Protein chains: 2
Amino acid sequence: MLNNPASGEKRTAQLDELDRRLLSLLSENSRRTNNSLAEELGIAASTCLARLNALRDSGVISRFTIEVNPQVLGRELEALIFVKIRPGARHLMSTFASDMRSKPGVQQLFFLGGADDFVLHIAVRNSADVRQFVLDNLSANPAVATTQTSLVFEHSHGTDEY
Amino acid sequence: MLNNPASGEKRTAQLDELDRRLLSLLSENSRRTNNSLAEELGIAASTCLARLNALRDSGVISRFTIEVNPQVLGRELEALIFVKIRPGARHLMSTFASDMRSKPGVQQLFFLGGADDFVLHIAVRNSADVRQFVLDNLSANPAVATTQTSLVFEHSHGTDEY
DNA sequence: ATTGAAATTGTGTGGAC
DNA sequence: GTCCACACAATTTCAAT
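Just so you know, these numbers come straight off a predicted model, no measurement behind them.

A few words now on the overall build of chain A. The helix and strand inventory of chain A stands at 5 helices and 5 strands. Secondary structure elements of chain A occur, N-terminal to C-terminal, as α-α-α-β-β-α-β-β-α-β. Taken over the C-alpha trace, chain A has a radius of gyration of 21 Å; the compact-globule value for 162 residues is 15 Å, which it surpasses by more than 25%. C-alpha extents for chain A along the principal axes are approximately 60 × 35 × 20 Å. Restricting to contacts in chain A with at least 6 residues of sequence separation, those with at least 24 account for 63%.

This part is about the sheet that holds strand β5 (residues 144-157) of chain B. As summarised here, the arrangement of the 8 strands in space is β2(A)-β4(A)-β3(A)-β5(B)-β2(B)-β4(B)-β3(B)-β5(A), forming a closed barrel in which the pairing is antiparallel. Strand-to-strand twist across the sheet, computed as the mean angle between neighbouring axes with direction ignored, equals 35 degrees. Across 6 bridges, strand β5 (residues 144-157) of chain A lies against strand β3 (residues 106-113) of chain B in antiparallel orientation. By the bridge assignment, A:Val152 is partnered in β3(B) with B:Leu112. Seen against the sheet, helix α5 (residues 127-139) of chain B touches β2 (77-85), β3, β4 (118-124) and β5 of chain B and runs at an angle of roughly 25 degrees to β2(B).

Take the protein's contact with DNA strand D next. Around DNA strand D sit 11 residues in total, of which A:Ser46, A:Thr47, A:Arg51, B:Asn34 and B:Asn35 are the nearest. A:Ser46 is positioned with one of its side-chain polar atoms (N or O) 2.8 Å from a base nitrogen of DNA strand D. A:Thr47 places a polar side-chain atom, nitrogen or oxygen, 2.8 Å from a phosphate oxygen of DNA strand D. The set of elements that each furnish at least two residues to the surface near DNA strand D consists of α3 (45-57) of chain A together with α2 (34-41) and α3 (45-57) of chain B. Residue contributions to the surface near DNA strand D peak at 3 residues, all from α3(A). In the surface near DNA strand D, the residues fall into 4 nonpolar, 6 polar and 1 charged.

Moving on: the protein's contact with DNA strand C. Neighbouring residues of DNA strand C: 11 residues in total, closest A:Asn34, A:Asn35, B:Ser46, B:Thr47 and B:Arg51. Atoms of DNA strand C within 4 Å of the protein: sugar and phosphate make up 71%, bases the balance. A:Asn34 is positioned such that a nitrogen or oxygen atom in its backbone is 2.8 Å from a phosphate oxygen of DNA strand C. For DNA strand C, a phosphate oxygen lies 2.7 Å from a polar atom in the backbone of A:Asn35. Within the residue set of the surface near DNA strand C, elements represented by two or more residues are α2 (34-41) and α3 of chain A together with α3 of chain B. When residues in the surface near DNA strand C are grouped by element, the largest group, 3 residues, is from α3(B). Considered class by class, the residues forming the surface near DNA strand C number 4 nonpolar, 6 polar and 1 charged.

Reading guide: rules and limits
- Residues numbered from 1 in each chain as written.
- Chains lettered and ligands numbered in written order.
- Predicted model: local features only at pLDDT ≥ 70, side-chain atom pairs only at ≥ 80, totals over all residues.
- Heavy atoms only, no water.
- Helix = DSSP H or I, 4+ residues; strand = E, 2+ residues; numbered from the N terminus.
- Rg over C-alpha atoms; globule rule 2.2 N^0.38 Å.
- Contact = heavy atoms within 4.5 Å.
- Pairing = 2+ DSSP bridges.
- Axes fitted to C-alpha atoms, helices over the stretch in contact; angles between N-to-C directions.
- Near = heavy atom within 4 Å.
- Polar contact = N/O pair within 3.5 Å; in protein donor to acceptor, adjacent residues only side chain to side chain.
- Nonpolar A, V, L, I, M, F, W, Y, C, P; charged D, E, K, R; others polar.

Next comes the structure, spelled out in structure tokens:
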């Protein structure tokens, strides 16, 4: 069980088997009722609720959310865009990052150390939209030195065990 | 409202304003009670439930899940690993992909067209673990031609509006 | 497609081990 | 930390519009 259920500040949480199973169940369906979770784990509902709250409060669970399928919303095409910032504009990197996060179609943003400075993961309708995205948001941006775009053929999540 | 709430097969769903607001609320907290969602949207609980079920059944919501903070679990370091598959081993790409998804620490896997064939997003304890991951899972793999690893300084999600 | 009402089911607290 | 019991709240079905 968690070392420090109430603080929300602790650096590293120690999970027991019950916590790990609970995380797995919630990953599969975060909307399952507490009763149903408790039953599957073989514990009382109130115990399960306490565990769940502790996982949330300690920051192990950063949020309960949904996965939206971009394709069903007409965004058939995903791409990764690798971006290099100009050497003289590196002080603009954090502004650039927060600007990008709110552009339509942006799914994720990675701020990197290494050959590229950023990787943008976008989901848009078609290849014309990819082009438009790069032209409007990147090529036009004076902080951007170069970009390189790769289409995403498949995207999957890890099946980590906690 | 959705064209086709019950099929789960339709390619593109047409959302109205209510659906979009519901998706937003559920993105922020997928565990909110149906009553609370209904109240905020200004509709009856039973209507809200019908909308929510339609969004799930039509595939717009692919799952209700949680975000787990890797750092709180002792995975302090994230990296992207860019992988090129050997020209003579391209038929092994899909096997490679499904092998990788289940390795400990793998968060995401992108299957790309372009300069690199894959991007792996991993979260591990420290730089020794990154090295170990690459040696064990990539360098040792005969299908892999080259890898290039970049540390992730920051990772954020888009704030898309649906 | 939306609703309100009703029956079922779930949540969350407090006291006991 | 876990459990049970209980009061309160939420879910889900259904007939009506």
